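Descriptive analysis of the structure
Listed here are the chains, written in short residue letters.
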Amino acid sequence: MSNLLKNLLIALGLAILLFVGYTLFFKQDESLTGVETTGTFSAEAALETQKLLATTNELKLLNIDGSIFSDPLFASLRDFRVDLGTEPSGRPNPFSPLR
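A short tour of the structure in this document, coming up.

About the cut-offs
Residues numbered from 1 in each chain as written. Predicted model: local features only at pLDDT ≥ 70, side-chain atom pairs only at ≥ 80, totals over all residues. Heavy atoms only, no water. Helix = DSSP H or I, 4+ residues; strand = E, 2+ residues; numbered from the N terminus. Buried < 20%, exposed > 50% of the residue type's maximum accessible area, 1.4 Å probe, protein only. Areas by Shrake-Rupley, 256 points an atom, 1.4 Å probe, with all protein chains shown as cover. Salt bridge = Lys/Arg side-chain N within 4 Å of Asp/Glu carboxyl O.

**Observations regarding the overall build of the chain**
The helix and strand inventory of the chain stands at 4 helices and 0 strands. A burial count over the chain gives 2% of its 99 residues as buried. Surface accessibility of the chain: about 9,900 Å² in total, with carbon and sulfur atoms responsible for 65%.

Right under this line is the structure:
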């Protein structure tokens with residue numbers, strides 16, 4: 001291949017990369033980003049917010065009885081946790097040069 005042809009192919013490839021980069025990062029198109037820019041997105045977000053607030057209000061109304069912790073069945077539960085021990089720590093400053 002001649003140098004001129006190589007340079008033209010490199011320039012064409014660079015131009016395609018720049019176009020794709022512009023399209024993906026700067027252009028606000030719904031088909032590319034998957035986010036609607038119309039008012040329906042705000043309506044959907046408001047609906048989800050209302051659901052979240054309703055669930056939060058339901059949780060506030062719950063009364064939890066603490067007598068379950070004094071129940072003999074609860075007291076008979078066994079702990080199956082495994083102690084992993086301590087791990088050695090690294091250097092105080094991992095970015096300092098090695099000596």
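**Topic: the pattern of salt bridges**
Considering all chains together, one arrives at 2 salt bridges under this definition. Linking Lys51 and Glu48 is a salt bridge whose minimum nitrogen-to-oxygen distance equals 3.7 Å. Here the residue Lys51 and the residue Glu48 both occupy positions in helix H3 (residues 39-60), the gap between them amounting to 3 residues, near one helical turn. With a shortest N-O distance of 2.8 Å, Asp79 and Arg81 are connected by a salt bridge. The two residues Asp79 and Arg81 agree in class, both being exposed.

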